[in-house]
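Geometric and topological summary
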Amino acid sequence: MHDHPEPTHQPFGRRCLAMLGLCAGVALSVWPAANSHAQGLKHPDQGKLTATGGVSTVEGAGGGGLTPWALISGYGSRDSFGGNAFATQARSDDYSLGVVGAAFGWRDRVELSYARQDFRGIAGGLNRTRIEQDVFGVKLRLAGDAVYDQDSWMPQVALGVQHKRNRGIRGLEALGVARATDLGARRNAGTDVYLAATKLYLAQSLLANATVRFTEANQFGLLGFGGDRRDAREARLEASLAYLVTPKLVIGAEYRMKPRNLAVDDEASAADIFIAWFPSKNVSVTLAWVDLGTIVKPFNPDRQRAAYVSLQAGF
């Protein structure tokens, strides 16, 4: 039997407390190993190399624009902490996606993140449609060091969890659609689990990342979780390759597979080509061209190719 759809009007504070409790539990699990050095956490030291915190993904985690990396957000070293806030905007012919959020990295070991996604139809069959979603994330570095393990094949490896809650659909009330479950999704909330491996080759100025995500999210969760085609969490591959033109300028490409759970939305994989500029460790700017595939094809049959800009500020 399928779970009953979860209401989208559950108090925001209660959702925050639940996810913060999960994040706190992970942080506390690694606290004993670092407790003897706790006095070193007096201020952010910005001890990591420029660009090694990544930029902010559309779901808030540190990485590229589409896929998280094993790197931890912020420039705090193992003896410190760091974080950032970001704003992202992507716009195609038919849709726009705005994202704001923040991430906090602790001892280059644990990352906590939050993102609010605001998806809007601006033309075509879904004009004036609006969907919002909250994404709460936690990432734990398990092994390896992308910077210091240059003489080893071992990549940096991290385990991540992203809990997503769709806040409902506006603009389709005349069609009887007010939430993702009205389009065939099984649930309005869900949790992705991913394992990321990132390797930085300093001598070649290359960064390679592979992420396996276990998910049932439709269009990143904006169209709910599970569907009338299938209702099970499946493994999906994500990959990034970046070249450091200079220590402050990075170009690269990403690829992200997505489930196909809904009969109304034959999802295709997403991909991008990006350039990221890091004028300092406090600021970064990312520009990209993104192919999101089709989004609810019966309403808008064209592939959605979008211009993408993301601004990040942190410490």
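Residues numbered from 1 in each chain as written. Predicted model: local features only at pLDDT ≥ 70, side-chain atom pairs only at ≥ 80, totals over all residues. Heavy atoms only, no water.

Section: unusual backbone geometry
At Asp 108, a position not held by glycine, the phi torsion is positive, near 55°. Phi at Gln 219 is positive, roughly 50°, even though this residue is not glycine. In this structure, Gln 219 sits in the loop between strand S9 (206-215) and strand S10 (234-246). (Helix = DSSP H or I, 4+ residues; strand = E, 2+ residues; numbered from the N terminus.)

Digging into the pattern of salt bridges
Applying the stated criterion across every chain yields a total of 26 salt bridges. The residue Arg 130 makes a salt bridge to Asp 118 at a minimum N-O spacing of 2.9 Å. Pair noted here: Arg 130 is in strand S6 (residues 130-143) and Asp 118 is in strand S5 (residues 110-121), with a separation of 12 residues, a long-range link. Two residues, Asp 231 and Arg 187, come together in a salt bridge whose shortest N-O distance is 2.5 Å. With Asp 231 in the loop between S9 and S10 and Arg 187 in the loop between strand S7 (156-170) and strand S8 (189-201), this pair connects stretches of sequence that are 44 residues apart. A cluster of three or more residues bridged by salt bridges with shared partners is formed by Arg 116, Asp 118, Arg 120, Arg 130, Glu 132, Asp 134, Arg 167 and Arg 170. (Salt bridge = Lys/Arg side-chain N within 4 Å of Asp/Glu carboxyl O.)

So, the packing of aromatic side chains
Taken as a whole and assessed by the stated rule, the structure comprises four aromatic pairs. Taken together, a centroid distance of 6.0 Å and an interplanar angle of 35° make the contact between Phe 81 and Phe 104 tilted. Residue Phe 81 is located in strand S3 (residues 81-91), and its partner Phe 104 is located in strand S4 (residues 95-106); the two are separated by 23 residues in the primary sequence. Aromatic side chains Phe 81 and Phe 315 sit 6.3 Å apart centroid to centroid with 80° between the ring planes, which places their arrangement in the edge-to-face category. Of the two residues, Phe 81 is situated in strand S3 and Phe 315 in the segment after strand S14 (305-314); the sequence distance between them amounts to 234 residues. Taken together, the ring pairs in this structure connect Phe 81, Phe 104 and Phe 315 into an aromatic cluster. (Phe/Tyr/Trp six-rings, centres within 6.5 Å; stacked < 30°, edge-to-face > 60°.)

Re the environment of Ala 307
Note that Ala 307 resides in strand S14. Measuring from C-alpha to C-alpha, the distance between Ala 307 and Ala 90 comes to 5.5 Å, with 217 residues separating the pair along the chain. Leave out the neighbours within four places in its chain, and Ala 307 touches Gln 89, Ala 90, Arg 91 and Ala 288. (Contact = heavy atoms within 4.5 Å.)

Remarks on the confidence of the model for the chain
When pLDDT is averaged along the chain, the result is 88, and 87% of the positions lie at 70 or above. The low-confidence segment residues 1-39 (pLDDT under 50) makes 52 contacts with residues lying over four places distant or belonging to another chain. (pLDDT = per-residue confidence, 0-100.)

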